[in-house]
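For reference, the chains in residue letters:
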Amino acid sequence: MTKNILMVGSGGREHALGWKLSKSNFVNNIYYAPGNGGTFNNLDFDINKFEKIQRFALEFDCMVVVGPEEPLTKGIVNELSGNVKIFGPTKEASRLESSKSFAKNFMKENNIPTPSFSVFTNPDKAIDYIRKSDKPLVIKADGLAAGKGVIVCDSENDAIEAVKRIMIRKEFGLSGEKIVIEERIFGNEVSFIGISDGNNIIPVATSQDYKRIYDNDKGPNTGGMGSFSPSPLVDEELFSQIMNRIMNKTIHSMRNDNNPVKGFLYAGLMIEKETSQPYVLEYNVRMGDPECQSIMMRLKSDLYLYLQATIEKNLDNLPELEWNPNPAICVVMAERGYPIKHEKGNLINGLDTPVSDKTMIFHAGTIKDKDGNILTNGGRVLGITALGKDFNEARGNAYNIIKHINWGLNQQYFRTDIGKLNMT
Ligand code: GLY
């Protein structure tokens, strides 16, 4: 029952998933569409043109694994699932991620804890609401915005400016035609992810990511500048609270609405400081990036079996996933200037730095040229991922590799505080 895999996507998440799947006894070849400079068997496919993907999967007997949200929300699973095995949720279930107003209304209807909110399609009404509010606010573009459409505001002026950016200057295009204005709650963010077959959900290891560009969580939001796993904030009691009040409830309510979530379900949580209660800030219907890199580093079970059981809707036959008890961290090396404006096409030096079984260099925005050189090809370039007996050792292992990698004088940028656990 061995199978090939066609991994859809080009990020660090897809490199990490493919790396883990390559260790399965049930997997032969892994193909990437389109992959990156660190992956092999790359296919020059557009991830939003599903026919080529289907044809290849049929011809080469592949299970299709979809990494990023865009093809999911455009219906790749709806189109392919009658013909090939494909891991991921349908377009309808993907609305949990593709529409923040859908997700917020779903949570409200199903009594899943989330900060209070209002939805607006008219910027004047939104600004009027902000002026009358005496609460700290977060302004969110309704649609997809590569993790950049959420603006956390410190003042009324910030919130009004956010509405103008999203709705008037249309910085996120059609994704900003509608906005959610949410009450800001304070605490620590945790990424809580599970694999679900629509009826059952098996949690993966807890993790946290770093959304802001600069150390100490300063600067604008990015797709994620680093991650670590596990999250020390989630003790046994909080874990079961999250499973009962959020993850299981989400899966069962979506199933009851005829929108079963098959694939990864990621709840972006805020653990409120004063009450230690978890609130869902947002859902994603895919693995987190770069959480995936830290999580895959710790996974001991055979991932392929869980993907297959998801597709076949029999996850309840499998045991809980097994984890390396040692923590892992992932430090993202980015092009300087990301997430605003950055170069690409720079030659990356030091990729031959020896790595051990405790470290991995996952590629994201990289490309191989015709001479075999690896060049930068995006904002987030590499995810340097390491295990350690504790977070300090994992940090040491990751940052030691980073010292050897560069693509020009100060052209690379990374945060220096990933895995420093100074949560307050
Ligand atoms: N790291 C955040 C995300 O994947 O959405």
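Residues numbered from 1 in each chain as written. Predicted model: local features only at pLDDT ≥ 70, side-chain atom pairs only at ≥ 80, totals over all residues. Heavy atoms only, no water.

## Focus on the sheet that holds strand S8 (residues 179-183)
Note: strands within a sheet are paired through backbone hydrogen bonds, in either parallel or antiparallel orientation. Let me state the cut-off plainly: Note on pairing: DSSP must find at least two bridges between two strands before they are called paired. Put simply, DSSP marks the helices as runs of H or I at least four residues long and the strands as runs of E at least two long, and each gets a number from the N terminus on. Angles run from 0 to 180 degrees between N-to-C directions of axes, and those axes are lines fitted to C-alpha atoms, restricted for helices to the stretch in contact.
Strand order in the open sheet formed by four strands is S5-S8-S6-S7, and the pairing between neighbours is antiparallel. The open sheet terminates on both sides in strands that have one partner only, identified here as strand S5 (117-120) and strand S7 (150-152). Averaged over all neighbouring strand pairs, the angle between strand axes comes to 20°, with direction disregarded. Two strands pair when backbone bridges link them, and strand S6 (residues 137-141) and S7 are joined in this way by three bridges, in the antiparallel orientation. Looking across to S7, one finds that Val138 is bridged to Val152.

## What to know about the nonpolar core
We count it as follows: Definition used in this section: a nonpolar core is a set of buried Ala, Val, Leu, Ile, Met, Phe, Trp, Tyr and Cys residues joined via side-chain atoms within 4.5 Å. Each residue is placed in one exposure class: buried if its accessible area under a 1.4 Å probe, protein chains only, is under 20% of its type's maximum, exposed if it is over 50%, and partly exposed if it falls in between. Here, two residues are considered to be in contact whenever any of their heavy atoms come within 4.5 Å of each other.
Formed by 45 residues in total, the largest nonpolar core has its most connected members in Leu6, Val64, Ile76, Met247 and Tyr283. Of the residues forming this core, the biggest block, seven residues, is contributed by helix H9 (residues 236-256). Other than its neighbours up to four places away in sequence, Met247 contacts Phe192, Ile193, Gly194, Ile201, Ile242, Leu265 and Ala267. Judged by nonpolar contacts, the second largest core, of 36 residues, contains Tyr266, Ile295, Ile311 and Leu321.

## Let's talk about the pairing of strand S15 (residues 262-272)
Burial runs high along S15: 10 of the 11 residues are buried. When strand S9 (residues 187-197) meets S15, the two strands line up antiparallel, connected through 11 bridges. For Asn188, the partnering residue across the bridge sits in S15 and is Ile271. Bridge analysis of S15 against strand S16 (residues 278-284) gives six bridges, and the strand direction is antiparallel. Its bridge partner being in S16, Gly268 is matched across the sheet by Glu282. Between S15 and the antiparallel strand that follows it, S16, lie five residues; Ser276 among them carries a positive phi value of about 60°.

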